[in-house]
Amino acid sequence: MTLSELFQISVRDSGKEPADILIIIEKAFDISKEQFWKQKNSDITNKKLLLKFNRYLKRLIKNEPVAYILGNKEFYSEKFLVNKNVLIPRPETELLVEKVLETTSGSSRILDIGAGSGVISIMIAKKTHAEIVATELDKNAIKVLKKNIQKHNVKSIITPLRKNLFPEKRDKFDIIVSNPPYLSVEEYDQLPDSIKKYEPEAALIGGEKGDEIIRRIISGALNYLKPGGFLFLEIGFDQKNRIRKHLSEYGFSDIEFFKDYQGISRIVKAKL
């Protein structure tokens, strides 16, 4: 069997997207896309690599996300380690990073709450060299966070802490940023199995109504933000009005919302 035949048969029998099949072929056989096209008519002689591909294919057929099969995901044109203990980074969160980058500088002190794989902290650190504290409660998620900090050579400017939302020490920050859990229980129940079966539930559900953790971040931010500091949050698709109200109640001003690629108000920026 050639690589081309393996590709065609796998697409036909699995019903999966050709792009995903090609990705796991590249992963299993340790080849690039260009190498695949050059070698596509070559016979497969390494049975161990073929077995590896079949293991990946079985996972794909069970709707496991490709990012978990690969063990990495691209975010902001950089590769990050991911596994079942952290959410898979999404394009909406790139918009969150973009908005923080428009406000921050190398002299800023930043708190990233619920850092997960660390994509937000690491990209901000690499672009600005700002000093960042990244909190993460889950013991397995923080292992991924630390590995990514090491991988991207930002250990000197990012401090990972295993804490629930805020650090114990009430340091003051110029910016607080978070992509918190913001789905309601009902919204979570409606998610596809590819998310519910594999991605961490605790990183998705923000409470019965979805905004409970966001409210805790907003109220707690008063103790950690410098006067004139900024809070950036990623929020749910229908939470704009509620979040605006919460922010106003806690004394935030200059509240701005930014739409994602689907036209949904996904990012909020507010000044203390």
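The preceding data block contains the structure.
Reading the values: the criteria
Per chain, residue numbering runs from 1 following the sequence as it is written. Totals for whole chains, interfaces and linings use every residue, but because this is a predicted model, local features are given only for residues with pLDDT of at least 70 and side-chain atom pairs only at 80 or more, for both listing and counting. With hydrogens and water excluded, all non-hydrogen atoms of the structure serve as input to the side-chain values. We call a set of buried Ala, Val, Leu, Ile, Met, Phe, Trp, Tyr and Cys residues a nonpolar core when their side-chain atoms join them within 4.5 Å. The cut-offs for exposure are 20% and 50% of the maximum accessible area for each residue type, with area from a 1.4 Å probe on protein chains only; residues under the lower value are buried, those over the upper are exposed, and the others partly exposed. Helix and strand assignments come from DSSP, with helices taken as H or I runs of at least 4 residues and strands as E runs of at least 2, each series counted from the N terminus. Contacts are assigned to residue pairs with any non-hydrogen atoms lying within 4.5 Å of each other. A pair of strands is considered paired only if DSSP assigns at least 2 bridges between the two. Each salt bridge in this description consists of a side-chain nitrogen of Lys or Arg and a carboxyl oxygen of Asp or Glu lying within 4 Å of one another. To obtain each axis, a line is fitted to C-alpha atoms, and for helices this fit is confined to the stretch in contact; angles are then taken between N-to-C directions over 0 to 180 degrees. Residues are called lining when one of their atoms sits within 4 Å of a cavity or pocket point, these points coming from a 1 Å grid over the protein atoms alone, where a cavity is a set in which a 1.4 Å probe fits but cannot get out and a pocket is an open set with protein on both sides within 12 Å along at least five of seven lines. Grid points are joined across faces, edges and corners, and a volume is the space filled by probe spheres set on the points. For any pair of crossing helices, the crossing counts as left-handed if the nearer helix is rotated counterclockwise from the farther one by less than a right angle, and right-handed if it is rotated clockwise. Each residue receives one of three labels: charged for Asp, Glu, Lys and Arg, nonpolar for Ala, Val, Leu, Ile, Met, Phe, Trp, Tyr, Cys and Pro, and polar for the others, Gly being one of them.

S.K.: Explain the nonpolar core residue by residue, including any values.
M.R.: Counting 31 residues, the largest nonpolar core has I176, L231 and L247 as the members making the most contacts within it. Breaking this core down by element, the ones donating at least two residues are strand 3 (109–113), strand 6 (173–178), helix 11 (212–221), strand 7 (225–234), helix 12 (240–249), strand 8 (253–259) and strand 9 (265–271). Broken down by element, the residue count for this core peaks at five residues, all from helix 11. Those residues within four positions of L247 in sequence are excluded, and the remaining contacts are I218, L231, F252, I255, V268 and A270. Of all hydrophobic cores here, the second largest spans 30 residues; its members include F75, I120, I157 and F232.

S.K.: An account of the pairing of strand 6 is needed here, citing residue identities and associated values.
M.R.: For strand 6, the tally of buried residues reaches five of six residues, placing the bulk of the element in the interior. Sheet analysis places strand 3 next to strand 6, joined by four bridges and oriented parallel. Of the residues in strand 6, the one forming a bridge with I110 is I175.

S.K.: Would you mind going over the pattern of salt bridges in detail, with residue names and values included?
M.R.: All chains considered together, the criterion is met by 14 salt bridges. A salt bridge links R109 to E131; the shortest N-O distance between them is 3.4 Å. Here R109, found in strand 3, pairs with E131, found in strand 4 (residues 131–135); they are 22 residues apart in sequence, far enough to count as distant. The class for E131 is partly exposed, based on a relative accessible area of 42%. Between D174 and K226 there is a salt bridge, and its shortest N-O distance comes to 3.3 Å. Here the residue D174 occupies a position in strand 6, and K226 occupies one in strand 7, the gap between them amounting to 52 residues. Residue class for K226 comes out partly exposed when judged on its relative accessible area of 31%.

S.K.: Summarise the sheet that holds strand 5 (residues 158–161); cite the residues concerned and give the values.
M.R.: Pairing within the open sheet is mixed, and its seven strands lie in the order 5-4-3-6-7-9-8. For this open sheet the edge positions go to strand 5 and strand 8, each flanked by a neighbour on one side alone. Taken over all neighbouring pairs, the strand axes of this sheet differ in orientation by 15° on average, direction set aside. With five bridges connecting them, strand 7 and strand 9 associate as antiparallel partners. Bridging from a neighbouring strand, L233 pairs with V268 of strand 9. Running over the sheet, helix 6 (residues 91–103) touches strand 6, strand 7, strand 8 and strand 9 and is turned about 160° from strand 7. Across the sheet, helix 7 (residues 119–128) is in contact with strand 3, strand 4, strand 5 and strand 6; its angle to strand 4 comes to roughly 175°.

S.K.: Any chance you could break down the layout of surface pockets for me, citing the residues and the numbers?
M.R.: Roughly 1,100 Å³ of volume is contained in the largest pocket. Surrounding the largest pocket, 46 residues form its lining, L87, N179, P181, A203 and L204 being those nearest its centre. Mapped by element, the contributors of at least two residues to the lining of the largest pocket are helix 6, strand 3, helix 7 and helix 11. Of the residues forming the lining of the largest pocket, the biggest block, three residues, is contributed by helix 11. For the second largest pocket, the full set of lining residues is I23, K27, P65, V66, A67, L70, N72, K73, E74, K79 and I88.

S.K.: Report on the environment of S253, specifying residues and quantitative values.
M.R.: Here S253 lies in strand 8. Judged by its relative accessible area of 33%, S253 is partly exposed. Considering only alpha carbons, one finds S253 and I205, 48 residues apart in sequence, at a separation of 27 Å. Leaving out residues up to four positions away in the same chain, S253 has contacts with A270 and K271.

S.K.: Talk me through the packing of helix 2 (residues 18–29) against helix 4 (residues 47–61); I want residue IDs and the actual numbers.
M.R.: Look at helix 2 against helix 4: their axes get within 9 Å of each other, and the N-to-C directions meet at 145°. For helix 2 against helix 4, the interelement crossing comes out right-handed. Contacts between helix 2 and helix 4 involve D20, I21, I24, I25, K27, A28 and F29 from the first element and L49, L50, K52, F53, Y56, L57 and L60 from the second. Residues belonging to the contact of helix 2 with helix 4 are distributed by class as follows: eleven nonpolar, no polar and three charged.

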